[in-house]
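For reference, the chains in residue letters:
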Amino acid sequence: MKASLLAGLSFLVWVAPLPAHHSFGAEYDANKPITVKGVVTKFLWVNPHSYLYVSVKDEHGNAVGYAFETSSPNALERRGWTRHAVKEGDQVTIEGYLAKDGAKLSDGSIHANARSITLADGRKVFAGSSADDGGPAPK
Amino acid sequence: MKLSIIPSVFASAGVLATVLSLAPSPGFAQSARNGAQPSSQTPRAQAGPGGGMLIGPEGDKEAVPPPSGPTPRLSSGKPDLTGIWFAPKTIRGEPPSMTPWAEQILKSRNSKDDPEAHCLPAGVPRMTPYPYKFVQIPTLLIMLFEANIHSYRQVFTDGRKHPDDPDPTWYGDSIGSWDGDTLVVDTIGFNDKFWFDFAGHPHTEDLHITERYQRPDLGHLQIQITIVDPKAYTKPWIINRVSNLATNWEIHEYICNEFNVDTEHIVGR
């Protein structure tokens, strides 16, 4: 039985169930990581993904708007967030990945996915989404 | 052999602990809303490619393991599956054996067209990585999904049969019966609109799914799922899943269509 068990385990595929309703790889490019430092202009605590909007100064000093997709409110809350955790005017540094299509959202923001956020007090916190789809087949 | 492997996995606490620890998950994290006390056990979620072990800004809402204890029972004496379940971990076996039709459909699909990404139901047996609640009485099991578009399934355990000609639906028509302490849920009457996964494994309206639910103790729910659809798969496709009881959680509202702004930007594949 022990041999059978080990043989069975060799077929197991465990995937981290992080909340998302779409595939990360279908929308964001793991080869396009970005880190931006800016000021929060809006934090939308909304489904299916919360969005953190940040104004970032480019090399010419011009303000550029980014919209970072994060996880859903329920998933963020279970990781220790509240809707008040980040607010307008906060200085943040966000690590994430740009959207594959390079297009902006309808409000003109550069579209990206946030993986972690460093808050003004230096704490680096989780923000991410995506991964397992819960389906019977591997991706 | 499949049948005997899986219970053996769960019979071994050491193996189970090892396997669970391989799946960094928010599964046991405590909700701030629920005011749970932090502990210092399960590893925190991994943030993704290159990510570290990070938590949210309000502090360390560490995980608690599922509780131990005997299987709760209904007034009928059968196991009571009631509870809030989370960390649905799917044990995927060998790849499905597809018909040429299914292979062609799979090849043609692009995840930007995945109905679930457009806030349509994930169907059965696909699970979204959110908690779900079972409410059970002897004649009925209700499955309430936080996500999977915040919908529900009804499993009738009052002895009724399937309708003769059910309308095809996203969740099908489910009836349940007992095989000892195992609840066997038989579902037909599916539409062919939902996908089994991001990849787009297809099915037809002939899809027939059998789910075998076991609650071997207070804290765990084990499910063996058999997918039969001869037009799409040349032999039954069997997967196994385990969920843990989330004692201090509640399911919350999740209205997917509220702000689904990014779908148009999904490139796919």
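Here the structure is a predicted model, which means the values were calculated and not measured.

## A closer look at the overall build of chain B
Check the secondary structure of chain B and you find 3 helices and 9 strands. Its helices and strands taken in sequence order, chain B reads α-α-β-α-β-β-β-β-β-β-β-β from the N to the C terminus. Residues classed as buried in chain B amount to 41% of the 269 residues present. Long-range pairs, those at least 24 residues apart, make up 59% of the contacts in chain B between residues at least 6 apart in sequence.

## Topic: the pairing of strand E4 (residues 152-156) of chain B
In regular strands, side chains alternate between the two faces of the sheet. Residues and elements named next belong to chain B. Side chains of E4 alternate between two faces, with Arg-153 and Val-155 buried and Tyr-152, Gln-154 and Phe-156 left unburied. Direction of pairing for strand E3 (residues 140-145) relative to E4: antiparallel, over a ladder of 5 bridges. By the bridge assignment for E4, Leu-140 is matched with Phe-156. Between E3 and E4, which pair antiparallel in sequence order, lie 6 residues; one of them, Asn-148, sits at a positive phi of approximately 50 degrees. Of the strand pairs in this sheet, E4 and strand E5 (residues 173-179) are connected by 2 bridges, and their pairing is parallel. Each residue of the ladder has a partner; that of Phe-156, found in E5, is Ile-175.

## Describing the nonpolar core
The biggest cluster of nonpolar side chains holds 28 residues, and the ones touching the most others in it are Leu52(A), Val54(A), Phe68(A), Ile94(A) and Ala114(A). Elements with a minimum of two residues in this core: strand E1 (28-44), strand E2 (51-57), strand E3 (63-69), helix H3 (73-78), strand E4 (91-99), strand E5 (110-118) and strand E6 (124-126) of chain A. Excluding residues within four positions of it along the chain, Leu52(A) makes contact with Val40(A), Phe43(A), Phe68(A), Thr70(A), Val86(A) and Ala114(A). Of all hydrophobic cores here, the second largest spans 23 residues; its members include Ile149(B), Leu221(B), Ile223(B) and Trp249(B).

## Section: unusual backbone geometry
Cis geometry marks the peptide bond from Asn47(A) to Pro48(A); its omega dihedral reads 0 degrees. You can see Pro48(A) is positioned in the loop between E1 and E2. For the bond from Val124(B) to Pro125(B), the omega torsion is 5 degrees, close enough to zero to count as cis. A positive phi is found at Ile149(B), a non-glycine position, where the angle reads about 50 degrees. Mapping Ile149(B) onto the fold places it in the loop between E3 and E4. Positive phi outside glycine occurs at His150(B), with the angle close to 60 degrees. Of note, His150(B) is situated in the loop between E3 and E4.

The rules behind the values
- Residues numbered from 1 in each chain as written.
- Chains lettered and ligands numbered in written order.
- Predicted model: local features only at pLDDT ≥ 70, side-chain atom pairs only at ≥ 80, totals over all residues.
- Helix = DSSP H or I, 4+ residues; strand = E, 2+ residues; numbered from the N terminus.
- Buried ≥ 20, exposed ≤ 12 C-beta atoms within 10 Å, placed from the backbone.
- Contact = placed C-beta atoms within 7 Å.
- Pairing = 2+ DSSP bridges.
- Core = buried A, V, L, I, M, F, W, Y, C linked by C-beta atoms within 7 Å.

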